[in-house]
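For reference, the chains in residue letters:
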Amino acid sequence: QVQVVESGGGLVQPGGSLRLSCLASGFTLDFYAIGWFRQAPGKEREGVSCIRTSDGSAHYVDSVKGRFTISRDNAKNTVYLQMNSLKPEDTAVYHCATWEAAGKHVCSGDGPLGYWGQGTQVSVSS
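Rules used throughout
Residues numbered from 1 in each chain as written. Predicted model: local features only at pLDDT ≥ 70, side-chain atom pairs only at ≥ 80, totals over all residues. Heavy atoms only, no water. Helix = DSSP H or I, 4+ residues; strand = E, 2+ residues; numbered from the N terminus. Buried < 20%, exposed > 50% of the residue type's maximum accessible area, 1.4 Å probe, protein only. Polar contact = N/O pair within 3.5 Å; in protein donor to acceptor, adjacent residues only side chain to side chain. Contact = heavy atoms within 4.5 Å.

Notes on the environment of Gly 119
Secondary-structure assignment places Gly 119 in the loop between β10 (113-116) and β11 (120-124). Distance from Gly 119 to Trp 36, taken between C-alpha atoms, is 9.5 Å for residues 83 residues apart in sequence.

Examining the side chain of Arg 67
Counting through the fold element by element, Arg 67 comes out in the loop between β6 (58-60) and β7 (68-73). We classify Arg 67 as buried; its relative accessible area is 10%. Side-chain polar atoms of Arg 67 contact the backbone oxygen of Ser 63, separated by 2.9 Å. In this structure Arg 67 touches Gln 82, Met 83, Asn 84, Ser 85, Leu 86, Lys 87 and Asp 90, once residues within four positions along its chain are discounted.

A look at unusual backbone geometry
One non-glycine residue, Ser 85, adopts positive backbone phi at about 50 degrees. The topology assignment puts Ser 85 in the loop between β8 (78-83) and β9 (92-99). You can call Ser 85 partly exposed: its relative accessible area is 39%. Positive phi, normally seen in glycine, also occurs at Cys 107, with a value near 50 degrees. Locating Cys 107 in the fold gives a position in the loop between β9 and β10.

Interpretation in functional terms is not warranted from these geometric data alone.
Given below as structure tokens:
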């Protein structure tokens, strides 16, 4: 069975850091990309970051570039998202997910998802 389980969210002050972890297991077929999207109240789904399977390249939405870093430990089937210099606008539920293909951009919010987890809350507030 396929499982995608996230952890690591929490409440931090602006400028703080969090590291999200995603355990993805049970896949029998490969996927286009694996990474994270976020969903804030009243906002559309936004692809945050992912690693493309074909070449291992990392991709980020412009608003987090330079602050977030995605990494993957293949031996542990785990994907990480290190989030530094967090801003209030980063507040959202973060979901680990696989993409079946690109949308308008690699792992953008409009792209077709394969599997995703239940999410972990990230709150950035003073």
